[in-house]
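Residues per chain are reported as follows:
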Amino acid sequence: MAALRGVHFAEVIEGPIILELALIGNVVRHGDGPSARQAYERYPFLFAPVPIFDDGPAHEDDDELPERLQVSEERLGLYAQAVFQFWHRVQLAYTGEN
């Protein structure tokens, strides 16, 4: 958006949640890429814990990380609202229309 419209996500109130959405989208699209680790480091609350058995973890954290992503309906609604508000703000800034 910075290149297209000069709008920096860091400068708008919805920016952090939209950036979270973009990273989570990358995990969904490219589960075996680095996005899963990045998302986990920033948003660990979006991932189910590693199951622990008597002899230790059921699997290594990195191996199954994308499969442990759990985005609630509430979080999806938050993403949708943030995107809607962002585009409404962009429209208002460029057209003056509500």
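Let us look at the structure shown here. What you are looking at is a predicted structure, and each value in this text was computed from that prediction instead of being measured.

**Description of the packing of helix 2 (residues 15–29) against helix 3 (residues 35–42)**
Okay, step 1: The geometry of helix 2 relative to helix 3 is characterised by a closest axis approach of 8 Å and an angle of 140° between their N-to-C directions. It follows that helix 2 is oblique to helix 3 by the angle criterion. The crossing of helix 2 and helix 3 is left-handed. On helix 3, the residues touching Leu23, Ile24, Asn26 and Val27 of helix 2 are Ser35, Ala36, Gln38, Ala39 and Arg42.

**Some points on the nonpolar core**
Okay, step 1: Ile24, Ala39, Leu46, Phe47 and Leu69 are the most contacted members of the largest nonpolar core, which totals 17 residues.
Okay, step 2: Only helix 2, helix 3 and helix 4 (73–95) provide two or more residues apiece to this core.
Okay, step 3: In terms of residue count, helix 2 provides more of this core than any other element does, 5 residues in total.
Okay, step 4: Setting aside residues no more than four positions away along its own chain, Leu69 makes contact with Ile24, Val27, Val28, Leu46 and Phe47.

**Thoughts on helix 2**
What sets the pattern is the α-helix's 3.6 residues per turn: residues three or four places apart point alike.
Okay, step 1: End to end, helix 2 covers 21 Å across 15 residues, agreeing with the expected 21 Å (1.5 Å per residue, within 8%).
Okay, step 2: Taken together, the buried positions of helix 2 are occupied by Gly15, Ile17, Ile18, Glu20, Leu23, Ile24, Gly25 and Val27.

Rules behind the numbers
Counting of residues starts from 1 at the beginning of each chain's written sequence and follows it residue by residue. Confidence filtering applies because this is a predicted model: local features only for residues at pLDDT of at least 70, side-chain atom pairs given and counted only at 80 or more, and all residues used for totals across whole chains, interfaces and linings. To obtain the side-chain values, all non-hydrogen atoms of the structure were used and water was disregarded. Between N-to-C directions, angles cover 0 to 180 degrees, with each direction set by a line fitted to C-alpha atoms, over the stretch in contact for helices. A run of DSSP states H or I qualifies as a helix once it reaches four residues; a run of E qualifies as a strand once it reaches two. Both are numbered from the N-terminal end. We call two directions roughly parallel when the angle between them is under 35 degrees, roughly antiparallel when it is over 145, roughly perpendicular when it lies between 65 and 115, and oblique otherwise. Helix crossings fall into two classes, left-handed where the near helix is turned counterclockwise from the far one by less than a right angle and right-handed where it is turned clockwise. When checking whether two residues touch, look at their non-hydrogen atoms; a contact exists if any pair is within 4.5 Å. We define the nonpolar core as a collection of buried residues of types Ala, Val, Leu, Ile, Met, Phe, Trp, Tyr and Cys that are connected through side-chain atoms lying within 4.5 Å of one another. Throughout this description, buried means an accessible area under 20% of the type-specific maximum (1.4 Å probe, protein chains only), exposed means over 50%, and partly exposed covers the range between. Helix span is expected to be 1.5 Å times the residue number reduced by one.

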